[in-house]
Amino acid sequence: QVQLVESGGGLVQAGDSLRLSCVASGRTFTTYYMGWFRQAPGKEREFVAALRWTGTTYYTDSVKGRFTISRENTKNTVYLQMNSLKPEDTAVYYCAGRPDSWNDARLPSQYDYWGQGTQVTVSS
């Protein structure tokens, strides 16, 4: 069993930056496939970014060039660096993982483990 715990959310102004962290415990996650999703009030959970254990990354179009997903295996941690934040980025952000490759990294159903979420609010 793997436990994921997110942190780093908060209230910021448009144009600011935040770095979200997701710490995994319970098993080494060096070869895990990891993702970040977000869910705004009244909306479905949507894909933000994903990272293969090989280092290949994937992003939804709306965050390309602004967000960066990365991992630090020595700390069992995945990060989501968010720059140039916009009010439409406001959501609860969730970290997710699975031990083997996805068929489609964008689908929440592809992930086995989820964190509890961290709130990001961007004011205009």
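You'll find the structure just up there.
Residues numbered from 1 in each chain as written. Predicted model: local features only at pLDDT ≥ 70, side-chain atom pairs only at ≥ 80, totals over all residues. Heavy atoms only, no water.

As for the state of the cysteines
Scanning the model with the defined rule gives one disulfide in all. The side chain of cysteine 22 participates in a disulfide bridge whose partner is cysteine 95; the two sulfur atoms lie 2.1 Å from each other. Its S-S torsion of about -75° marks the bond between cysteine 22 and cysteine 95 as left-handed, since a negative value means left-handed. Pair noted here: cysteine 22 is in strand S3 (residues 18-25) and cysteine 95 is in strand S9 (residues 91-98), with a separation of 73 residues, a long-range link. (Disulfide = S-S within 2.5 Å. Helix = DSSP H or I, 4+ residues; strand = E, 2+ residues; numbered from the N terminus.)

As for the nonpolar core
Counting 28 residues, the largest nonpolar core has Trp36, Leu80, Met82 and Tyr93 as its most contacted members. Looking at this core, the elements with two or more residues in it are S3, strand S4 (33-39), strand S5 (46-51), strand S7 (67-72), strand S8 (77-82), S9 and strand S11 (118-123). It is S3 that contributes the most residues to this core, four residues altogether. Setting aside its immediate chain neighbours within four residues, leucine 80 contacts Leu18, Arg19, Leu20, Trp36, Val48, Ala49, Phe67, Thr68, Ile69 and Tyr93. Ranked by size, the runner-up nonpolar core spans eight residues in total, among them Phe37, Phe47, Ala50 and Ala96. (Core = buried A, V, L, I, M, F, W, Y, C linked by side-chain atoms within 4.5 Å. Buried < 20%, exposed > 50% of the residue type's maximum accessible area, 1.4 Å probe, protein only. Contact = heavy atoms within 4.5 Å.)

Topic: the sheet that holds strand S1 (residues 3-7)
Taken in spatial order, the four strands make up an open sheet running S1-S3-S8-S7, and their pairing is antiparallel. The open sheet has two edge strands with one neighbour each: S1 and S7. Each strand axis lies, on average, 15° off the axis of its neighbour in the sheet, ignoring direction. Relative to S3, S1 is paired through five bridges, and the arrangement is antiparallel. When the sheet's bridge partners are listed, valine 5 is paired in S3 with valine 23. (Pairing = 2+ DSSP bridges. Axes fitted to C-alpha atoms, helices over the stretch in contact; angles between N-to-C directions.)

Looking at the packing of aromatic side chains
Taken as a whole, this structure holds nine aromatic pairs when the rule is applied. A centroid spacing of 5.1 Å and a plane angle of 55° characterise the contact between phenylalanine 37 and tryptophan 114, whose relative ring orientation is tilted. One end of the pair, phenylalanine 37, is in strand S4; the other, tryptophan 114, is in strand S10 (residues 113-114), and 77 residues separate them in sequence. Of the residues examined, tryptophan 114 reaches a relative accessible area of 27% and is grouped as partly exposed. Among the aromatic residues, those joined into a cluster by ring pairs are Tyr33, Phe37, Phe47, Tyr58, Tyr94, Trp102, Tyr111 and Trp114. It is arginine 45 that lies over the ring of tyrosine 94; its NZ or CZ is 3.8 Å from the centre. (Phe/Tyr/Trp six-rings, centres within 6.5 Å; stacked < 30°, edge-to-face > 60°. Lys NZ or Arg CZ within 6 Å of the ring centre and 35° of its normal.)

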